[in-house]
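# Chains, contacts and geometry: an overview
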Amino acid sequence: MSQFQDPGERDKVKGKGSGFSRRGFMQGVGVTGAVAPALIGTDAQAQTAPGVVGPAGVAIILNINGKATKATVEPRETLLDVLRGQLDITGAKRVCDRGSCGACSVLVNGKVMYACSILAIDAQGKQITTIEGFSMTGGKPHPVVTAFVANDAQQCGYCTPGFVVASKAFLDTHPNPTYEQVKDGLGGNLCRCGTYVGIRKAVLEAAKMMKGGSNA
Amino acid sequence: MPEYRWPDMSKRKVMGQRFSRLDGVEKSSGRAKYNSDLNKPGMLHAVLVTSPHAHAKVRSIDTSAAEKHPGVAAVRVIAPAGTEIQWAGWEVAMVAANTELAARDAAAKVKVEYEALEHFVREADLKKVKTRAKPAGEQVEGDPEMAAKQADVISEGYYGIPVLTHCCLETHGNVTQWTPDNKVEFNPSTQSVTSIRGDLARLLSVPAANIHVHQDHVGGGFGSKFQPDRWGLESSQISKQAGGRPVKMFLDRASELILGGIRPSGFANIKMGAKKDGTITLWESESWATGGIGGGGSPPIPYVFTKIPNRRQSHSAVSTNTAPSRAWRAPNHQQACYLTCAPLEDLAAKLKMDPVQLLIKNAGLTARPDTYVRQLKKAAELSEWSKLWHPRGDAGKGSIRRGLGVGAGTWGGAGHDSTARVTIHPDGTVEVELGSQDLGTGTRTIIAQVAAESLGLRVQDVRVKLGDTNYPPSGTSGGSTTVGGVSSSTRKASLNALEKLYGEVAEALGAPADQLTVSEGKVLVKDNPAKSLPWKAACQKLGVKTISETGSNVPAQAAREGLNTGGVGGVQIADVSVDIETGVVKMNRLVAVQDMGLVINPKTAESQIFGACIMSICGALMEERITDEITGRVLNADMEFYKLAGIKDIGEIVVHLDITEENDKRGVIGLGEPPAVPGIAAISNAVANAIGLRVPTVPMTPMHVLNALAGRKS
Amino acid sequence: MQPFEYASPKTLKEALALLGTGWGDAAVLAGGTDLLSLMKDNVMAPKRVVNVKEIPELKGITKTGAGVRIGAAVTVDELANNALIRASFPALLEAAQGISSMQMRNMGTVGGDLCQRPRCWYFRAGFGLLPTHEGKNLVAEGDSRYHAILGAGPAHFVSASSFGPALIALGAKVKIASAKGTREVEAAKFFVAPQNNETREVALQPNEILTEIVVPVSAAKNATYEIRQKDALDWPLATASVSLTMKGTAVGSARIVLGHVGPTPFDADGAAKWLAGKSITVETAEAAGKAAVESAKPLKDNAYKVQMAAVAVKRALLAAAGVKA
């Protein structure tokens, strides 16, 4: 369910005056203010030309969990906020919102990143994988998820999706990790309840499970 | 009436087993929906305008530009002209708009004129706090003067433990919808689904019956999430104003750290006296603490060793221009534990005595001498104390110095008021419903275990439904009271329902109802187990009926019934390495020996203790709310400089669960808070042992450690 | 965050044409780990954001006649896993490893590290680079625990750059492009202590983009030592990067550069000169460390950092020389 019942509302926020001349730039869409998204081409304009878009809403396409997903975003919207709000993909959490805690972790072209510190418009043309994209396949949990549950690596659970995404990314590059490597590898995520003991064990166990061929 | 007592430890099949938590897959796969994840049709987004001044009068507030901002549905003034602001971050106005961006843009257009007043925000220095301190008067016990004269050894020191913030990962807030039919749908992030309804009813003057509260998961609370809060009230008003549109209002990170939760500080000048043999004879303390503008924070010292014969104590509550304190995981206990166990260790060093021996020697000054002696010995064993401990400062010559330290704590933790409803359907399905909540402690899972145990079923046969005011009322999850409350109510409701089921199937089994029992998915005749009905077949006898029975934990009866009690001790020993050149403290190990009652799920119980230990490590080494004297603001209202330990920063944690027949007979006892108490003191003592002197204030950041080593005041 | 226009040019030329003449006109976006936070906190409110991650000229690590060329948009992770870097520049590798978050290493770029704004909590709260409030100097009179102990002032924030000290120690140069052409600046001169709130901490103009860094390859032994409280992602409290050109067993010439102790990386020239002709031992390393902080003027709360910086120098020297403490 979109949080924006009236999509036109999104574009009523007019951009502030800019000192730039806009002549010579292809897209005038973003600068004219109240343009309904329906009037905006569905091509992701910023992707192919050195054009300037925004500050008002821009129609973009994001590849999320293998699906081309349409969204209308102001350039200033973060990938995290667009995922959680407009697209209702809420596994990634907004916690510090400043790239310190890892609760918003997603994979971008297979690399783990902080979605709070990526502009949604900048995520066009990239493969974005959220926790929802791999955690369950055909009703079967991913080995990292299974290992997190088996080792009680979650309490309140709010940091957990971020940790699971980071753990998967870590195991993708460290299929045979040592205990020390696990501790070094997951330094970009924070937990408040104190689930680190379980997470350390879970990641080691997931590595074993994935070698055993149970990887989804 | 059924016999509610827990089955004998040896006969339990489901309780006591290490079950993985039932909502584990949901949480770890990212599918668990927290109320901060909700996106409702037509939902407005609300944000706060807060005061940049720590103390000021609102001269005027102009919301006209904000109201005209595109997409804005409502602007509410919370602090009208004339309001005296008492802390930076005070809620001044709330703006709601179609999008969060529009709400933020509009909030920036709210024009507030303030008349800045003098503020006071730092309380560590007693000389500076005098005018803001409210002394509670002196308490004297015995003859402290004489004791001071007669003591062989006197140890004196200054100790401090700062204000912390709960830093819940899911910030405080709610989605709320107050529709024109005067009904309110409230989806908060709360530790108290049941009682928040009544609190909101009072705030909104809406009948409680018109309010429905629902929450599946909560992203951390730690004592800070009981009330609807000002933002709950104002966002509900906005919903009403907007004709009943849902409003989402969650604090941003900065406000979460500034307003969402404050643990009071604790500071003290402490003098202790003892005989040569270590017998403690004297306690004198001049303590002060702040919990915000209203003062607050009164650590119960001396802690655990409460029966020191000669005592003189005075405490002052210090009023600061900071947001008011909230309950913390074991309110006041960490402060009290630090302010007692650190001076105790200093006394041991002065006596040239092993601190574990000093505590054992003085166990008679505690409420449970046997427990503490047993725990001290166990913790010493698990921490290799006899091998690794050395007299203070005798840690070798290199730059890395290792040390061990001990702390002791206590907590109540008896079950709260709770009612459960167990419904048995004709198809054999079992539902357990409670207006309770699972803070991540494993509440859902232990309820299922209790119901399954009581009904002779497996955990997967039971559906637990929590977090809704349509379910029977259950207490707040605070004070480690939940597990005792919900396990007892679930036990009673399950047995009450089962009694009804026996009545329905007695005829079919050809035996009186009181001769029936359950085991391994069957209803059977006690003396003739061959006569039995599978659970489903038994339930089919209900025809179109369902059985729905409640059971309540009544705190005043619980101990008599043997279902739950309270009152535990705990001992922790820390093992640290300090780099004396850089001041960096690294945890090697934290050993937790925890006194407990009946343990329903050792796996989640262990997790509670791991978490409590890690929280103590954060508190001992990193966490501190830093306020600025000049601007009056909080300088580290973020997760970059409000530091929390990461996965590599905690060393190894060793948990000893004291699961014994004897403890089991005490019934269920809460476990969230007790292990969160002794760690900070133990770690501080370990650092003192390593470097040969006390770092007087926690957190023991490199700054504080190097300052202590250099004899500089921090 | 204020609204802004956005562009993602494919060439350097296009990118340069999108920049403005004032700092408020446009901001360059690379990893975003700093810029987005600054914009969220309204410390920066550019009218336009120019993404430079798609520009080929800013990418890649290659060997050239002048040394190893590192594109400004190279990520910390790419740097840390590059064979050329690993072979010759442990000082850079160790600085990269100090950023102990996979996410940060995957996002953050080398150019972004050099250009990131100070973490000073007064600056981040909107009080400026030389923060004052009601006539009071916030750093000097407020809480200065994380602030500068070195430098001539008046700025007291610390440069947050992880790679700056190592690049200076290694004698690197940075290349800067504008629509008018390119220029090259020694890494040491790239960092500037601002004299007022209007200037920047780096030698960039609003119409310029940092395009690459060139690190000369030599036989110099080099290392970085960081003192951080946490092993997890955390800002260092003091760091030192050193580079030693050996003459036999003695130091021929040295570069010692401290990080997180001044508004720019601090080039401890005197200490480096003192080391020439000496071999690295625990004693000489310690003496060099003390010499490096000789001119330190700690503020009210940060005297502890003086010792810390000296220890960082000592440990970096020992690490570079392969001497066990």
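Refer to the structure printed above.
Now for a look at the structure at hand. Quantities reported herein were computed from a predicted structural model and do not represent experimental measurements.

### So, the sheet that holds strand β6 (residues 111–116) of chain B
Residue and element names in this part refer to chain B. Reading across from one edge, β4-β2-β6 is the order of the three strands in this open sheet, with antiparallel pairing throughout. Looking at strand neighbours, the two that pair on one side only are β4 (84–85) and β6, the edges of this open sheet. Pairing analysis gives two bridges linking strand β2 (residues 56–62) to β4, with the strands arranged antiparallel. Paired with alanine 56 across the two strands is isoleucine 85, which belongs to β4.

### A closer look at the pairing of strand β3 (residues 67–73) of chain A
All names here are of chain A. Relative to β3, strand β2 (residues 58–64) is paired through seven bridges, and the arrangement is antiparallel. Pairing of isoleucine 60 across the sheet is with alanine 71, part of β3. In textbook terms, the turn of a hairpin is the stretch between consecutive antiparallel strands, and for β2 and β3 this stretch comprises two residues, one of which, asparagine 65, has a positive phi near 50°.

### Some thoughts on the nonpolar core
In globular proteins that are soluble, nonpolar side chains generally tend to be buried together. Judged by nonpolar contacts, the single largest core of 400 residues is most densely connected at Val95 of chain B together with Leu258, Ala309 and Val313 of chain C. With 13 residues, helix α14 (residues 304–321) of chain C is the single largest residue contributor to this core. With near-sequence residues (within four places) excluded, valine 95 of chain B lies in contact with Ala46, Val47, Val49, Ala66, Val72, Val75, Ala103, Ala106, Ala107 and Val110 of chain B. In terms of nonpolar packing, the next biggest core, distinct from the first, is built from ten residues, Trp178, Val184, Leu200 and Leu204 of chain B among them.

### Considering the packing of helix α4 (residues 160–173) of chain A against helix α6 (residues 196–211) of chain A
Residues and elements named next belong to chain A. Taken N-terminus to C-terminus, the directions of α4 and α6 make an angle of 45°; their axes are 11 Å apart at the nearest point. Judged on the interaxial angle alone, α6 and α4 are oblique. You can see that α4 and α6 cross each other, and the crossing is right-handed. On the side of α4, the interface is formed by Phe163, Ser167, Phe170 and Leu171, while α6 contributes Ile199, Val203, Ala206, Ala207 and Met210. Taken together, the residues of the contact of α4 with α6 sort by class into eight nonpolar, one polar and no charged.

### Quick notes on the sheet that holds strand β19 (residues 462–465) of chain B
All names here are of chain B. Read across the open sheet, the four strands follow the order β19-β18-β17-β23; overall the sheet is mixed. Strands at the two margins of the open sheet, each flanked by one partner only, are β19 and β23 (547–553). Strand-to-strand twist across the sheet, computed as the mean angle between neighbouring axes with direction ignored, equals 20°. For strand β18 (residues 430–433) and β19, the ladder comprises four bridges, and the chain directions are parallel. The partner of glutamate 431 across the bridge, within β19, is arginine 463. Running over the sheet, helix α14 (residues 482–509) touches β17 (418–424), β18 and β23 and is turned about 145° from β23.

### Let's talk about the interface of chain B and chain C
Listed as interface residues are 26 residues of chain B and, on the opposing side, 21 residues of chain C. Each residue belonging to the side of chain B that touches chain C can be placed in one class, and the counts come to eleven nonpolar, seven polar and eight charged.

Basis of the calculations
- The numbers attached to residues start from 1 for each chain and follow its sequence in the written order.
- Chains and ligands are labelled by the order in which they are written, letters from A for the one and numbers from 1 for the other.
- The predicted nature of this model means local features are confined to residues of pLDDT at least 70 and side-chain atom pairs, given and counted, to a pLDDT of 80 or more, with totals for whole chains, interfaces and linings taken over all residues.
- We call two strands paired when DSSP finds no fewer than two bridges between them.
- Helix and strand definitions here come from DSSP, where helices need a minimum of 4 consecutive H or I residues and strands a minimum of 2 consecutive E residues; each element is numbered from the N-terminal end.
- When buried Ala, Val, Leu, Ile, Met, Phe, Trp, Tyr and Cys residues are joined through C-beta atoms within 7 Å, the set is termed a nonpolar core.
- Exposure criterion: with C-beta atoms placed from backbone coordinates, a residue whose C-beta has 20 or more other C-beta atoms within 10 Å is buried, one with 12 or fewer is exposed, and one in between is partly exposed.
- Note on contacts: residues are paired as contacts if their backbone-placed C-beta atoms lie within 7 Å.
- What counts as an axis is a line fitted to C-alpha atoms, over the stretch in contact for a helix, and the angles between N-to-C directions run from 0 to 180 degrees.
- In this scheme, roughly parallel covers angles under 35 degrees and roughly antiparallel covers those over 145, while 65 to 115 is roughly perpendicular and the rest are oblique.
- The hand of a helix crossing depends on one turn: near helix anticlockwise from the far one by less than a right angle means left-handed, and clockwise means right-handed.
- Only Asp, Glu, Lys and Arg are considered charged in this grouping, and only Ala, Val, Leu, Ile, Met, Phe, Trp, Tyr, Cys and Pro are considered nonpolar; every other residue, Gly among them, is considered polar.

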